[in-house]
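# Results of the structural survey
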Amino acid sequence: MKQLQTPYFVIEEPILEQYYDMLTNSLAQNWKNFLVGYSFKTNSLPWLVSYVKKKGAYAEVVSKDEYDLAKFLGYTDSEIIYNGPYKEKESFCNVLLQGGIVNLDSMQEIGWLADLADQYKDRSFPVGIRVNFDLESMCPGETTMGEESGRFGFCYETGKFAKALGILADLPNVTVAGLHLHSSSKSRSVQVFRSIARMACRLGAEFNLSLNYIDLGGGYCGGMDGRPEYPDYFPAVAEELHKYFSPRQTMLIVEPGISLISKCTTFVTSVFDTRDIKGTRYVMTDGSRFNIDPTMIKSSHLFHIESGPDHLLPRPVLTRQVISGFTCMEVDRLFTYEQQPELAPGDRIIYENVGGYTMSLNPLFIQYFPAVYVRKENVMKMVRQKWTPAEYVQKSQWDTL
Ligand SMILES: *Cc1c(COP(=O)(O)O)cnc(C)c1O
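Residues numbered from 1 in each chain as written. Predicted model: local features only at pLDDT ≥ 70, side-chain atom pairs only at ≥ 80, totals over all residues. Heavy atoms only, no water.

## Focus on the site of the ligand
- Surveying the vicinity of the ligand reveals 15 residues, the closest of which are Lys41, Gly219, Glu255, Ile258 and Tyr357.
- Within the side chain of lysine 41, one N or O atom sits 2.7 Å away from an oxygen atom of the ligand.
- In the model, an oxygen atom of the ligand is placed 3.1 Å from a nitrogen or oxygen of the glycine 257 main chain.
- Considering the ligand on its own, with 390 Å² of exposed area, one finds that the protein chains cover 91% of that surface. (Near = heavy atom within 4 Å. Polar contact = N/O pair within 3.5 Å; in protein donor to acceptor, adjacent residues only side chain to side chain. Areas by Shrake-Rupley, 256 points an atom, 1.4 Å probe, with all protein chains shown as cover.)

Given below as structure tokens:
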């Protein structure tokens, strides 16, 4: 079979399905009243977004553009979970009027809601509220924000959350129907989610809340050896939630992103050149760090190597090879390969677990977006063609004045 032109991403559909089913089975076993909202920002490839929709997920969106994308790809307003600090008023109102889920993040949004509720006095508006709380004190060293506060939602410790509840209580046709407790952690541990569930119960009891839903947000691990998987989280979450809530009344919403799509996605690159400079062997590849580590935070990669067809002879072991990307930036180095057989043009380096925060953050730098394939039963279906100048220049104009 002729090899496909690299670089490209591959999504293994059976693995994606396995993870989706693992998620929903675990939820069904532990809290049978549940809903999945797929985090668009993690990877909004149209094929993926449509796939999870078919599986029954809602669209979890955090901007007007993501909202418009969800609508464009067939989600109705009632199938949208609208989160984050950067909503837009008209789409915010649409989702509320059509029975989707909105988790309030700011006083400005409460103002929009008050206007809407006033305009539609005969309608009732159940809304969610994003809670900003000190998860770090419950899980020392585990959160992303650390000792500093998080940036999102209404802060419990400073009384802003209580104040927001007070304002909402004064709106006759508005009810607080849900809590949104998404918090990002470095550890993604079961303990983090247990703590989040505990916080939900604490708020429920302290403010005497009667809730239609608890939204845990995203941030789970998935597909990493030795780390938790979905079935590890939800027994702990359910155990805590049962202390104040019941699945009969309260739905559990989860918003997975990376945990769902990491394991099923690989990025295939080829070596196109090698060079020796001052004792270092640079292995030049047609993939870039910008493709799989666009935020420059990874310190290692999971990968495997497929030797090119022309290299059947034994290869000398080299002390150190620096695997580099195609761009002209010095930082575009992916990893060092130590005490390993020499790599040569035609070899392929295939990076694993690269589904989340990669395609969605890829820049249009030097080489345009790579192709994406979906593999099922050994058939490779192209679901995004490589971008060319035609896509790059769209919506531009270059006539000189
Ligand atoms: C980023 C985000 C998610 C998804 O997070 P993952 O780490 O990709 O699982 C879900 N909900 C909200 C509100 C988010 O900001």
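## A few points about unusual backbone geometry
- In this chain, threonine 6 is followed by proline 7 through a cis amide linkage whose omega measures 0°.
- Summarising the element assignment, proline 7 is placed in the segment before strand S1 (8-12).
- We note that methionine 296 has phi near 55°; this positive angle belongs to a residue other than glycine.
- Tracing the backbone shows methionine 296 in the loop between helix H11 (289-292) and strand S13 (303-306). (Helix = DSSP H or I, 4+ residues; strand = E, 2+ residues; numbered from the N terminus.)

## A closer look at the nonpolar core
- Core analysis: the largest hydrophobic core is formed by 97 residues, its most contacted members being Ile11, Leu181, Phe234, Leu241 and Leu260.
- No other element matches the 8 residues that helix H8 (residues 190-206) contributes to this core.
- Non-local contacts of leucine 260, meaning those with residues more than four positions away in its chain, are made with Leu16, Tyr19, Tyr20, Leu23, Tyr38, Val52 and Tyr230.
- Tyr8, Val10, Val268 and Ile350 belong to the second largest nonpolar core, which has 6 residues in total. (Core = buried A, V, L, I, M, F, W, Y, C linked by side-chain atoms within 4.5 Å. Buried < 20%, exposed > 50% of the residue type's maximum accessible area, 1.4 Å probe, protein only. Contact = heavy atoms within 4.5 Å.)

## Concerning the pattern of salt bridges
- Throughout the structure, instances matching the rule amount to 20 salt bridges.
- The salt bridge involving lysine 121 is made with aspartate 118; its shortest N-O contact spans 3.1 Å.
- You can call lysine 121 exposed: its relative accessible area is 62%.
- According to the relative accessible area criterion, aspartate 118 is partly exposed, its value standing at 47%.
- For aspartate 276, the salt bridge identified is with arginine 281, shortest N-O distance 2.7 Å.
- Look at aspartate 276 and you get exposed, because its relative accessible area is 54%. (Salt bridge = Lys/Arg side-chain N within 4 Å of Asp/Glu carboxyl O.)

## Examining the side chain of threonine 42
- Here threonine 42 is to be found in the loop between strand S2 (34-39) and helix H2 (46-54).
- A relative accessible area of 0% places threonine 42 in the buried class.
- Once you skip the residues sitting within four places of it in the chain, threonine 42 turns out to touch Gly257, Ile258, Ile261, Gly355, Gly356, Tyr357 and Ser360.

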